[in-house]
Amino acid sequence: LPAVDKGRGAFTFLALATLLETNVFAIAASYGSFQDYHLASPKSPLFGASASLITITGAMITLGTYFGPFLFLSFVRAYPEYVRIFLAVSASACSAGHLLASIRPTPTLTLLFQGVMVGLGAGAFSTPSNFWLPQWFDERRGLATGVMYLGSGIGGVIFPFLINWLLQRVGFAWTMRVLALILSAVGVIIVLGMRPRLSPKRSVTGRRVRNESLLSLLLPHHPRIINTPLGLIHGLIQLVQAAAYWSISYYISPYATSLGMSSSTATLMLALLNVSQGISYVIFGRMADRGHLIPVLILSSTMGSILVSLLLGFSKTFGSLISFSILYGLTNGGFATLIAQQAREMAKIAEVEVTTIFVEYLGWRGTGGLIGPLICSTLY
């Protein structure tokens, strides 16, 4: 078998997984550009629609992207020989969701296609990379997770400017069509290039699952360790932090616009938040690998509370918002990377597979990504 934590196979997988994250998670991280456009521009087909309905479209992308691996991991584990087909179908669903949303962009149809369909398609598309990551990386899993999620930071810099430029030049419908084309091209690269470390033959676990009912196959597996006080605390940590972070991500651009700044400046705020998030992924992942999980959790949450309540709370100028975007992204953007270490510690206690716990905590984070922005839209 190829080497773990090193070698051509591991680094090729990590590069492709990062490319996948650059395009999949960046769509969710860049939704603030759509949010600002729909709320502020009369050119938007959703201008004047409910702010809550516009927000829930982005929240469903976030929920589906994070919750998808939890929903589809059982299928990927039971049918490893069909994972490449599964990748192709899920990538097609992402592209189709963008295309369908461009045909008749009403608030309800946009929620259905851009929100639900794209979100679930993106979550399904990222499931195999989350399933295969522990095969390729063990001792450096936190760092590898950080590098993989760094892709969302890279895409989170590129996509807001691209989306804002397209929205201003060609409108919403053609913006969605261009995104569909980009995701189709990336899907082809991932389907042809990404490989597991282990042979995609059915495992004993997979055969046992397949011998059960179809319902059992489709239902996510829920480790009992999650129901313990420690398991629930780890999940709530991710849920609450995600609720706060995605609220900032969705509303930093509309907030800048409400202060009289241009759409380009508002996009810059979101891009700076995302690029700082990308850097934070690598830093947090490395610190988690070295056993500093609890200090990082405490430091990140404390700094986030201070920055939001003081710096953002009194931000009225360009400089203060720039400072907030950079500092908040650096201290809170990489929080999702800590799931790898949280899951590994819980898996050791319960002696269960780490990936099962990892994707469940991703689901908790996705739930926070739905709840937080909806609360924020009501307050807004």
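Here's a quick rundown of the structure. (Residues numbered from 1 in each chain as written. Predicted model: local features only at pLDDT ≥ 70, side-chain atom pairs only at ≥ 80, totals over all residues. Heavy atoms only, no water.)

Next up on the list: the overall build of the protein. If you tally the helices and strands in the protein, you get 15 helices and 0 strands. On C-alpha atoms alone, the protein measures out to a radius of gyration of 20 Å, which is about the 21 Å that the 2.2 N^0.38 rule sets for 380 residues. Its C-alpha atoms give the protein principal-axis dimensions of roughly 60 × 45 × 35 Å. Within the protein, contacts between residues separated by at least 24 positions form 84% of all contacts whose residues are at least 6 apart in sequence. Per element, the accessible surface of the protein, about 15200 Å² overall, is 70% carbon and sulfur. Each charge class in the protein was averaged separately, 24 positive and 12 negative side chains, and the resulting centres sit 8 Å apart. (Helix = DSSP H or I, 4+ residues; strand = E, 2+ residues; numbered from the N terminus. Rg over C-alpha atoms; globule rule 2.2 N^0.38 Å. Contact = heavy atoms within 4.5 Å. Areas by Shrake-Rupley, 256 points an atom, 1.4 Å probe, with all protein chains shown as cover. Lys, Arg positive; Asp, Glu negative; His and termini not counted. Charge placed at Lys NZ, Arg CZ, Asp CG, Glu CD.)

Okay, the nonpolar core next. Membership of the largest hydrophobic core comes to 77 residues, with the highest contact counts inside it found for Phe13, Phe34, Phe137, Ile190, Met194, Ile357 and Phe358. Ranked by residue count, the leading element in this core is helix α1 (residues 7-29), at 12 residues. Among residues more than four places away in sequence, those in contact with Ile357 are Pro223, Ile225, Ile226, Ala343, Met346, Ala347 and Val352. Counting 16 residues, the second-largest nonpolar core is a separate cluster that includes Ile252, Ala256, Met269 and Ile322. (Core = buried A, V, L, I, M, F, W, Y, C linked by side-chain atoms within 4.5 Å. Buried < 20%, exposed > 50% of the residue type's maximum accessible area, 1.4 Å probe, protein only.)

When you line up the elements, Leu143 lands in helix α6 (residues 141-169). In sequence terms Leu143 and Arg8 are 135 residues apart; their C-alpha atoms lie 17 Å from each other. Dropping the residues within four chain positions of it, Leu143 is found in contact with Val282, Gly285, Arg286 and Asp289.

Inspection of the secondary structure assignment puts Pro45 in the loop between α2 (31-40) and α3 (51-78). The spacing of Pro45 and Pro105 is 60 residues in sequence and 6.4 Å in space, taken between C-alpha atoms. Beyond its immediate sequence surroundings of up to four residues, Pro45 is in contact with Tyr37, Pro105 and Phe172.

Tallied over the full model, the rule gives 14 aromatic pairs. Both rings, one in Phe75 and one in Tyr79, keep their centres 5.2 Å apart while their planes meet at 25°; by these two values the pair is stacked. For Phe75, a relative accessible area of 26% gives the class partly exposed. Judged by centre distance (5.6 Å) and plane angle (35°), the rings of Phe75 and Phe86 are tilted. Taken together, the residues span a long stretch of sequence, with Phe75 in helix α3 and Phe86 in helix α4 (residues 83-103) at a distance of 11 residues. Chaining the aromatic ring pairs together yields one cluster made of Tyr31, Phe34, Tyr66, Phe172, Tyr245, Trp246, Tyr250, Phe324 and Tyr328. Directly above the ring of Trp174 sits Arg177, whose terminal nitrogen or CZ lies 4.8 Å from the centroid. (Phe/Tyr/Trp six-rings, centres within 6.5 Å; stacked < 30°, edge-to-face > 60°. Lys NZ or Arg CZ within 6 Å of the ring centre and 35° of its normal.)

Next up on the list: α1. The end-to-end C-alpha distance of α1, which contains 23 residues, comes to 31 Å, matching closely the 33 Å that a straight helix rising 1.5 Å per residue would cover. Along α1, the sharpest kink reaches roughly 30°, centred on Glu21. (Expected span 1.5 Å × (residues − 1). Bend = angle between axes of the 7 residues up to and from the residue.)

Residues Val275, Ile279, Ile283, Met287, Ile326, Leu327 and Leu330 make up a contiguous nonpolar surface patch of about 500 Å² in total accessible area. Elements with a minimum of two residues in the nonpolar patch: α11 (263-289) and α13 (318-332). Here the nonpolar patch takes 4 residues from α11, the largest share from any one element. With respect to the helices and strands, the residue Val275 is situated in helix α11. Looking at Val275, the relative accessible area reads 34%, which means it is partly exposed. (Patch = residues over 30% accessible without salt bridge, like charges linked within 9 Å, V, L, I, M, F, W, Y side chains within 5 Å. Salt bridge = Lys/Arg side-chain N within 4 Å of Asp/Glu carboxyl O.)

Our focus in this paragraph is a positive patch on the surface. On the surface, Lys6, Arg140, Arg286 and Arg290 cluster together to form a positively charged patch. Relative to the assigned elements, Arg286 resides in helix α11.

What follows concerns the packing of α1 against helix α5 (residues 107-136). Put simply, α1 and α5 touch, their axes get as near as 10 Å, and they point 155° apart. On the basis of their axis angle, the class for α1 and α5 is roughly antiparallel. At the point where α1 passes α5, the crossing takes the left-handed sense. Contacts between α1 and α5 pair Gly9, Ala10, Phe13, Ala17, Leu20, Glu21, Val24 and Phe25 from the former with Ala122, Phe125, Ser126, Ser129, Trp132, Leu133 and Trp136 from the latter. When grouped by side-chain class, the residues that make up the contact of α1 with α5 number 11 nonpolar, 3 polar and 1 charged. (Axes fitted to C-alpha atoms, helices over the stretch in contact; angles between N-to-C directions. Parallel < 35°, antiparallel > 145°, perpendicular 65-115°, else oblique. Left-handed = near helix turned anticlockwise from the far one by under 90°. Nonpolar A, V, L, I, M, F, W, Y, C, P; charged D, E, K, R; others polar.)

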